[in-house]
Amino acid sequence: MKKYIFISLILLTACNKDIVEVNQTFPMLSATYSDSAAGKWKTILGFQPDTYPTNAPLPSNDAGFLQQLNDIAALQKNATPEDMANLRYWGTGGVLRWNEILRELVAKYNLPPVENADGTYPIPSANNPLAYPFFPFANPPYAARAYAYVSAAQYDALVTAYFWKSRWKRLPAYQLDNRIQPMLTDNGGNCYPSADAVIYGVTGTMLRLLFPGEVTYINQQLAKHRKARLLAGMETASDLDAGEALGNTIAQLYIQRARTDGAGAAVAIVNGVNLWKVFEDDCIARNEIPWMSMESPKRPPMLPFFGKVKPFLFDSATMVTTLRPLPPPSTRSIAFQKELEEVRYYSQNQTRERLRIVHFWADGVGTYTPPGHWNAIAAEEFVKLKWSEVRWARAFALLNMSLMDAAIVCWDAKYTYYNPRPSQVDNSIKTLTGLPNFPAYTSGHSTFSGAAAEILGYLVPSRKQAFSEMAAEASMSRLYGAIHYRSDCTAGLASGKKVGEFAVKRAMADGAGN
């Protein structure tokens, strides 16, 4: 099976939390098909694109518009090497680069807070994001939700933009003024509103909500993207302004959804009350061994109510009746003891290959998390297909809605069954990777991977078997690492696959084709 080697996207510095970018090299975006009919594709939130109109573009002989053409010609004439490097970076694709930036932000903020002097743990606050502990703690469920909201908003914004492009039929700047040269491949034809500006408009608005301590950095990236598009010779300033405004409008729809999806109530402690105690009591009442934190001092479990967050691909009732896995083996059963023995074996009988697998899929603290790992895998694959921006956005939206909903299903199972980790039950078991601070059943890696492999196999059918093998390896990495039982992994893969099937069903009905 082919292994992927990913360039590390960030270097973390605890004192100032700066992002040090190591940008991957990708080919310039040159779409095989323009997907000019994408304005007819179904939006995720279900609205019709004409619900959110744009203003009419300036006439091509308008004095203000002619000045905008002059400005582009001057910008190209005076372009610096730094301008050209910026053009090459963003010329690989706005959806691709903003996904990369989002992964950098997730990794930067994927740091659990250190305990207070009294042994309690502080809670990050969105109202004071620059004070310690920094907001957000971008753990796997938070990350999956962030990837989903950004990607889904990008897709809906681009579908809306393509609808208006086909109505206004604005020609590219270089076709209106022979002083202007096309510096990138013309992937869209019609330029009003600008697709790239829609992307940075919607993404910037979403990221400022999700990472409020990074407003300056996000705005800097937005300005770089805008300058690259002006230099490219495709869109004028008014084309960009219209696209950014449209992106902001669609972002507000997603912000409204985010504020009512239940994620804010997923924390473990509110006003000093330990809300997760009910899970422990229920587990004991069933005569099972309850999970407990193995950290010292004991840390509250991660997001015990994330299972109640509103999914994208199905409703909450479906999650309980169709997607919640059956119970794991009883902690008092012979089957459980056999699974525990298997974990002990892997803990005590390491091999170089199994260690490689454990570390390759670890995705722990300070990384872009398992959902981010699958985004990186997907990006490597999507580049080869020479898709349009709107098809890139659709693919990431389908993938990331699957990953968010997989997190919801997985966290529902974790806190329904509240199963202990192997090293809690048997202290002779030594883990080979970081021990997550939440119950065992089901495996998050397995659930994420099952969902990702299913939807990616639909989107890139030639790689379906490879994705399935990757998912199986990611799942087994948690058993090899001695932090999960086999049933955690098999049940997680199965429920993740079911989540992915919901994404495939949506994809088959959205009008975009495979």
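Basis of the calculations
Residues numbered from 1 in each chain as written. Predicted model: local features only at pLDDT ≥ 70, side-chain atom pairs only at ≥ 80, totals over all residues. Heavy atoms only, no water. Helix = DSSP H or I, 4+ residues; strand = E, 2+ residues; numbered from the N terminus. Rg over C-alpha atoms; globule rule 2.2 N^0.38 Å. Contact = heavy atoms within 4.5 Å. Lys, Arg positive; Asp, Glu negative; His and termini not counted. Charge placed at Lys NZ, Arg CZ, Asp CG, Glu CD. Core = buried A, V, L, I, M, F, W, Y, C linked by side-chain atoms within 4.5 Å. Buried < 20%, exposed > 50% of the residue type's maximum accessible area, 1.4 Å probe, protein only. Domains from an automatic or database assignment. Buried area = accessible area lost by both parts, 1.4 Å probe.

## Some thoughts on the overall build of the protein
So, point 1. Along its length, the protein carries 18 helices and two strands.
So, point 2. In terms of overall size, the protein behaves like a compact globule, its C-alpha atoms giving a radius of gyration of 24 Å where 514 residues would be expected to give roughly 24 Å.
So, point 3. Projecting the C-alpha coordinates of the protein onto the three principal axes gives extents of approximately 80 × 50 × 45 Å.
So, point 4. Taking contacts inside the protein between residues at least 6 apart in sequence as the whole, the part at least 24 apart equals 83%.
So, point 5. Taken as two groups, the 51 positive and 45 negative side-chain charges of the protein have centres that lie 3 Å from each other.

## Structural notes on the nonpolar core
So, point 1. By size, the foremost hydrophobic cluster in this structure holds 151 residues, and its most contacted members are W374 and F382.
So, point 2. In terms of residue count, the dominant contributor to this core is helix α14 (residues 389-417) (18 residues).
So, point 3. Taken domain by domain, this core gets at least three of its residues from each of domain 1 (28-259) and domain 2 (283-509).

## Focus: the domain arrangement of the protein
So, point 1. Entries for the protein in the domain assignment read domain 1 (28-259) and domain 2 (283-509).
So, point 2. Computed from C-alpha coordinates alone, the two centres of domain 1 and domain 2 are separated by 31 Å.
So, point 3. Of the roughly 3700 Å² buried between domain 1 and domain 2 on both sides combined, carbon and sulfur atoms contribute 69%.
So, point 4. It is Y121, P141 and R257 that lose the most area in domain 1 upon contact with domain 2, and together they represent 16% of the buried surface on that side.

## Section: the side chain of N400
So, point 1. Mapping N400 onto the fold places it in helix α14.
So, point 2. A relative accessible area of 0% means that N400 is categorised as buried.
So, point 3. Contacts of N400, omitting those with residues within four sequence positions, involve N99, A144, Y147, A148, S151 and N375.

## So, the environment of Y149
So, point 1. By the element assignment, Y149 lies in helix α4 (residues 140-168).
So, point 2. Judged by its relative accessible area of 1%, Y149 falls in the buried class.
So, point 3. Every residue in contact with Y149, bar those within four places of it in the chain, is listed here: M206, Y254, R257, A258, D261, F312 and M404.

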